[in-house]
Amino acid sequence: SHADFRYMQELLQMIEVKQIPAPAPIEQRWSSSSSSRMSPAATGGGGYTTMDDVHSWVGIIMYLPTDDATQRTDITEAFFNYKKECAGSLWG
């Protein structure tokens, strides 16, 4: 369905439009379904995935490359703002 690629395009567009100081790289991985009930890619149990499904995972990492407390606070605040924008625009 290419939903994974559309998601990344929407994420990148949101970053550009809202001028979010997003760190790079943005990591995207794929995995198959899992029979483990603890897995977010679990099958069965009334779930909506099958063993043939492929799941896409997007990792957004905010690095703290400084020991300066003020800079670390600013970076952390920017990350939470980034997360808030993702939740409002992409995770609904």
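Residues numbered from 1 in each chain as written. Predicted model: local features only at pLDDT ≥ 70, side-chain atom pairs only at ≥ 80, totals over all residues. Heavy atoms only, no water.

> Account for a negative patch on the surface, with residues named and values stated.
Side chains of Asp67, Asp68, Asp74 and Glu77 sit close together on the surface and give a patch of like negative charge. Residue classification places aspartate 74 among the partly exposed positions, given a relative accessible area of 47%. (Patch = residues over 30% accessible without salt bridge, like charges linked within 9 Å, V, L, I, M, F, W, Y side chains within 5 Å. Areas by Shrake-Rupley, 256 points an atom, 1.4 Å probe, with all protein chains shown as cover. Salt bridge = Lys/Arg side-chain N within 4 Å of Asp/Glu carboxyl O. Lys, Arg positive; Asp, Glu negative; His and termini not counted. Charge placed at Lys NZ, Arg CZ, Asp CG, Glu CD. Buried < 20%, exposed > 50% of the residue type's maximum accessible area, 1.4 Å probe, protein only.)

> An account of the environment of lysine 84 is needed here, citing residue identities and associated values.
Residue placement: lysine 84 occurs in helix H2 (residues 69-89). For the pair lysine 84 and leucine 64, spaced 20 residues apart in sequence, the C-alpha separation works out to 19 Å. (Helix = DSSP H or I, 4+ residues; strand = E, 2+ residues; numbered from the N terminus.)

> A description of the packing of aromatic side chains should follow, citing residues and the corresponding values.
If you walk through the whole model with that rule in mind, you get 2 aromatic pairs. A ring pair is formed by phenylalanine 5 and tryptophan 30, whose centres lie 6.4 Å apart and whose planes are at 45 degrees; its orientation type is tilted. With a gap of 25 residues between them, phenylalanine 5 in helix H1 (residues 3-17) and tryptophan 30 in strand E1 (residues 27-32) connect regions that are remote in the sequence. Exposure remark for phenylalanine 5: the relative accessible area of 46% places this residue in the partly exposed category. With 5.8 Å between their ring centres and 75 degrees between their planes, phenylalanine 79 and phenylalanine 80 make a pair best called edge-to-face. (Phe/Tyr/Trp six-rings, centres within 6.5 Å; stacked < 30°, edge-to-face > 60°.)

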